[in-house]
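Reading the structure
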Amino acid sequence: MTNFNYCPNCATPLMMLVADEDTGPVERLRCPACGFTHWNNPVPVLAAIVEYRGQVLLARNAAWPGKMFALITGFMEADETPQEGIARELKEETNLDACSVDLVGVYDFQRMNQVIIAYHVVAEGEVRLSPELVDWRLYDLPDLKCWPAGTGYALADWLRTRGHEPVFFTPQENAERRRGLD
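Residues numbered from 1 in each chain as written. Predicted model: local features only at pLDDT ≥ 70, side-chain atom pairs only at ≥ 80, totals over all residues. Heavy atoms only, no water.

1. Quick word on the environment of Leu155
Formally: For the purposes of this entry, the term helix denotes a DSSP run of H or I that reaches at least four residues, the term strand denotes a run of E that reaches at least two, and both are numbered from the N terminus.
Mapping Leu155 onto the fold places it in helix α2 (residues 150-161). Placed 143 residues apart in sequence, Leu155 and Thr12 show a C-alpha to C-alpha distance of 44 Å.

See below:
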């Protein structure tokens, strides 16, 4: 559930109200005064499987535990294509330039109410991390382990296209790498 409290149109407190929609009665956050509905649609998030110098670059966000590395991700901006957005995110977060951007797939990430649009990005340049990231590592394809969530499934699908059957973290390994996030 989102943390919307007030109507953006008239500032009346929002309430969980039932209204008829195409599929029948649905309860959503709605404004009892003007009828505004907060749809709570998933947010598109961009992800990059970064191929850099023949290896895959994974990074660690400053807010994550020390053992957790993942794909470069970020939100789209208005007036940009997803391809432009992931190239921008890559530049902002790593200082790398995208040489090619190819769609891997689209993945749900319901825990965060997001839809992930994942790309394989071949990159060049010198890595210089933004303050959002604190570390990065390069992995050979056989050494990559996937995680059981949206971007981890994208990485697994991409590895299959490269002739590598993905290996996933065990539930215990995944809990250990995420310790402190949940």
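2. Focus: the pairing of strand β2 (residues 24-30)
Stated formally: At least two DSSP bridges between two strands are required for those strands to pair.
Bridge count for strand β1 (residues 15-21) against β2 is seven bridges, and the pairing is antiparallel. Within β2, the residue paired with Met16 across the bridge is Leu29. Looking at chain direction, β2 and strand β3 (residues 37-38) are connected through two bridges and run antiparallel. In the sheet register, Arg30 faces β3, and the bridge partner there is Thr37. Here β2 folds back onto β3 in antiparallel fashion, the turn holding six residues, of which Gly35 has a positive phi close to 90 degrees.

3. So, the pattern of salt bridges
Just so we agree on the cut-off: We count a salt bridge whenever a side-chain nitrogen from Lys or Arg sits within 4 Å of a carboxyl oxygen from Asp or Glu. Classification of residues uses two cut-offs on accessible area relative to the type maximum, computed with a 1.4 Å probe and protein chains only: under 20% is buried, over 50% is exposed, and between them is partly exposed.
Under the defined criterion, the tally for this structure stands at 12 salt bridges. One salt bridge in this structure joins Arg160 and Glu165, with 3.8 Å as the shortest N-O distance. Owing to a relative accessible area of 39%, Arg160 belongs among the partly exposed residues under this scheme. Overall, Glu165 belongs to the exposed group, its relative accessible area being 63%. Each of Glu80, Arg88, Glu89 and Glu92 takes part in one network of salt bridges that share partners.

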